[in-house]
Amino acid sequence: GGKFSEDKKILDAGCGHGEFLTSCKNIRRYGIDASSVAVELARTRFKTREEAVIIECDVEKVSEVFGDVGFFDYISCIGVIEHSMNPKRSHDALMRMLKKDGVLLVLVPLVFDDCLGQLRNEPNQVTNERFATVDEWIGYFGWNPEYAEVLGSGISKDVALVYRKHKDYIGARH
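Reference entry: report on the structure contained in this document.

We now examine the pattern of salt bridges. Tallied over the entire structure, the rule returns five salt bridges. Between Glu40 and Arg43 there is a salt bridge, and its shortest N-O distance comes to 3.1 Å. Of this pair, Glu40 and Arg43 both sit in helix α2 (residues 36–44), three residues apart, roughly one helical turn. In this structure Glu40 comes out as partly exposed when scored by relative accessible area, which is 46%. Judged by relative accessible area, which is 36%, Arg43 ranks as partly exposed. Through salt bridges with shared partners, one network takes in Lys8, Asp73 and Lys99.

Moving on to the packing of aromatic side chains. The full count for this structure, using the stated rule, is 11 aromatic pairs. Geometrically, the ring pair formed by Tyr140 and Phe141 is tilted, given 5.7 Å between the ring centres and 55 degrees between the ring planes. For Tyr140, a relative accessible area of 9% puts it in the buried group. Taking relative accessible area as the criterion, Phe141 reaches 0% and is therefore assigned buried. Taken together, a centroid distance of 4.5 Å and an interplanar angle of 15 degrees make the contact between Trp143 and Tyr163 stacked.

Okay, unusual backbone geometry next. Here Asn26, not a glycine, exhibits a phi torsion of approximately 55 degrees, which is positive. For Asn26, the location among the structural elements is in the loop between α1 (19–22) and β2 (28–33). One non-glycine residue, Asp101, lies in positive phi territory at about 70 degrees. Looking at the element boundaries, Asp101 is found in strand β5 (residues 98–109).

Looking now at the side chain of Ser76. Within the secondary structure layout, Ser76 lies in strand β4 (residues 72–78). Overall, Ser76 belongs to the buried group, its relative accessible area being 2%. Side chain to side chain, Ser76 and Asp12 meet in a polar contact 2.8 Å long. If we ignore the near neighbours within four places in the chain, the residues touching Ser76 are Leu11, Asp12, Ala13, Phe20 and Leu105.

Calculation notes
Residues numbered from 1 in each chain as written. Predicted model: local features only at pLDDT ≥ 70, side-chain atom pairs only at ≥ 80, totals over all residues. Heavy atoms only, no water. Salt bridge = Lys/Arg side-chain N within 4 Å of Asp/Glu carboxyl O. Helix = DSSP H or I, 4+ residues; strand = E, 2+ residues; numbered from the N terminus. Buried < 20%, exposed > 50% of the residue type's maximum accessible area, 1.4 Å probe, protein only. Phe/Tyr/Trp six-rings, centres within 6.5 Å; stacked < 30°, edge-to-face > 60°. Polar contact = N/O pair within 3.5 Å; in protein donor to acceptor, adjacent residues only side chain to side chain. Contact = heavy atoms within 4.5 Å.

Put into structure tokens, the structure is as follows:
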């Protein structure tokens, strides 16, 4: 494990300035971000479109850009999905773009009572989707816990969740 293959594709949804994509080697790299400024900065990190394709796009509209469902082997969405207008719709859009047996990595906040009000009042927080446990996020996304893995929590009370899409995946229950 650990090594990517050049016939594999990764999407960094909410790629920002492209930092994460620079660490992905021996794989076809794609990035989307809703910010035109971030997209331009990310493009400066890569000399050609063969190195990475960076596109201005909202997460929810990813299929409008890439078309085919099941296009990506790996998708990362690091600290982005909870900021979208509709996190469930964004999650579902990413899952549609993921191949069967593909892997989705999301970094989401774990919000506890002491900071819930403060977080909800921040201007860059669009939704009220905040959960205090990993199980709440897994349930919200409609994941089968058998295919979910917790990579660990960061110092900012974020948690990294990895989900391997399986043949029985039916999507989130809305």
